[in-house]
Amino acid sequence: MSRWTNDKWVSTPHRVVNPPLETDGVSRRRQSMAFFANLNMDAEVKAIPTCVDDTNPAKYPDTSAGEHLMAKHLASTQGILDDSWMEKVLKSP
């Protein structure tokens, strides 16, 4: 979302909370369910036209969903914890 909206919208941090203790002091089992949605690999990922203008140009280069996903994967396996992976892995047009 941040790439599409030029950082106007950012993803929500993932949070996990332990359930409260039962009245007998025993903890209930925590359950979670993950949901992931991905674009088609060849889908274009670029700033939405209404999120860029002359005073607020696109902050990220255009890419495809596949290139973006692979770049994030490579960055995570190399221990890169900030956004510097974009400059190192993605190529500007």
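Keep in mind the model is a prediction, meaning the values are calculated, not measured.

A description of the overall build of the protein should follow, citing residues and the corresponding values.
Looking only at helices and strands, the protein has two helices and two strands in total. When the helices and strands of the protein are placed in sequence order, the string is β-β-α-α. Expressed as a percentage of its 93 residues, the buried residues of the protein come to 20%. Pairs at least 24 apart in sequence give 50% of the contacts found in the protein among residues at least 6 apart.

Any chance you could break down unusual backbone geometry for me, citing the residues and the numbers?
Even without being glycine, asparagine 6 reaches a positive phi, approximately 60°. Within the secondary structure, asparagine 6 is located in the segment before β1 (44-45). The buried category is assigned to asparagine 6, whose relative accessible area is 2%. Residue aspartate 7 is not a glycine yet carries a positive backbone phi of 70°. Residue placement: aspartate 7 occurs in the segment before β1. A relative accessible area of 30% means that aspartate 7 is categorised as partly exposed.

Talk me through the environment of alanine 58; I want residue IDs and the actual numbers.
Tracing the sequence through the fold places alanine 58 in the loop between β1 and β2 (63-64). Measuring from C-alpha to C-alpha, the distance between alanine 58 and isoleucine 48 comes to 9.0 Å, with ten residues separating the pair along the chain. Excluding residues within four positions of it along the chain, alanine 58 makes contact with Asn6, Ala47 and Val52.

Hey, could you go over the side chain of serine 64 for me, with residue numbers and the actual values?
Inspection of the secondary structure puts serine 64 in strand β2. A residue is classified by how much of its surface remains accessible, and serine 64, at 16% relative accessible area, is buried. Side-chain polar atoms of serine 64 contact the backbone nitrogen of glutamate 67, separated by 3.1 Å. Serine 64 has contacts with Met41, Asp42, Ala43 and Val45, leaving out every residue within four places of it along the chain.

Tell me about the pattern of salt bridges, and please be specific about residues and values.
Between side chains of opposite charge, a pair can form when the charged atoms approach closely. Considering all chains together, one arrives at one salt bridge under this definition. Measuring nitrogen to oxygen at the nearest pair gives 3.8 Å for the salt bridge that ties lysine 59 to aspartate 7. Within this pair, whereas lysine 59 is found in the loop between β1 and β2, its partner aspartate 7 is found in the segment before β1, the two being separated by 52 residues in sequence. Look at lysine 59 and you get partly exposed, because its relative accessible area is 48%.

Tell me about the environment of lysine 59, and name the residues and values.
On a C-alpha basis, the gap between lysine 59 and arginine 3 in space is 7.8 Å, while along the polypeptide they are 56 residues apart. Not counting residues up to four positions away in its chain, the partners in contact with lysine 59 are Asn6 and Asp7.

Cut-offs and rules
- Residues numbered from 1 in each chain as written.
- Predicted model: local features only at pLDDT ≥ 70, side-chain atom pairs only at ≥ 80, totals over all residues.
- Heavy atoms only, no water.
- Helix = DSSP H or I, 4+ residues; strand = E, 2+ residues; numbered from the N terminus.
- Buried < 20%, exposed > 50% of the residue type's maximum accessible area, 1.4 Å probe, protein only.
- Contact = heavy atoms within 4.5 Å.
- Polar contact = N/O pair within 3.5 Å; in protein donor to acceptor, adjacent residues only side chain to side chain.
- Salt bridge = Lys/Arg side-chain N within 4 Å of Asp/Glu carboxyl O.

Read these as layout, nothing more, since geometry by itself doesn't imply function.
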